[in-house]
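Structure at a glance
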Amino acid sequence: MDRNGDLRGGLYRLMVREGYPAEFAALVAKEMNTDYLAKRMIAYVSRAGLIPPEEFADEMLAILEDRDRYMRKHLAEDAQAKVSDLFRYGLNTDDTGEE
């Protein structure tokens, strides 16, 4: 994992500075694998400081669940759009709806 300059690296450094073990910080930074996730965890660590690992894990899982819920929502919206197109245009092979 690159710990220089990226958001995950910033999360890692912040956690170590707050007093978390380096191994734990590396694991968390690895799991927060997008800029969005890393930013949310950085905001949390900045507000909460050093907290018990159980509370930290709860927040990390909540952030990951939010991401999964967001992804499922967009997949469902895409599937619904395709079903709507199917009803609107039938089983044509092109996307225009024209025969």
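The written sequence of each chain sets the order in which its residues are numbered from 1. The model is predicted, so local features are restricted to residues of pLDDT at least 70 and side-chain atom pairs to those at 80 or more, both for listing and for counting; the totals for chains, interfaces and linings are taken over all residues. With hydrogens and water stripped out, all remaining heavy atoms of the structure feed into the side-chain values.

Here we look at the pattern of salt bridges
By salt bridge we mean one thing: a side-chain nitrogen of Lys or Arg within 4 Å of a carboxyl oxygen of Asp or Glu. In this structure the tally under the stated criterion is seven salt bridges. Between Arg-67 and Asp-68 there is a salt bridge, with its nearest N and O atoms 3.1 Å apart. Think of it in three bands: with a 1.4 Å probe and only protein chains considered, a residue is buried below 20% of the maximum accessible area for its type, exposed above 50%, and partly exposed in between. When its relative accessible area of 24% is taken as the criterion, Arg-67 is described as partly exposed. Here Asp-78 and Lys-82 are joined by a salt bridge, their closest N and O atoms 3.4 Å apart. Here Asp-78 and its partner Lys-82 are both found in helix α4 (residues 53-89), four residues apart, which amounts to about one turn of the helix. Using a relative accessible area of 39% as the deciding quantity, one classes Asp-78 as partly exposed. Beyond isolated ion pairs, a larger network of salt bridges with shared partners links Arg-40, Glu-65, Asp-66 and Arg-69. In this text, helices come from DSSP runs of H or I with a minimum length of four residues, and strands from runs of E with a minimum of two, each type numbered from the N-terminal end.

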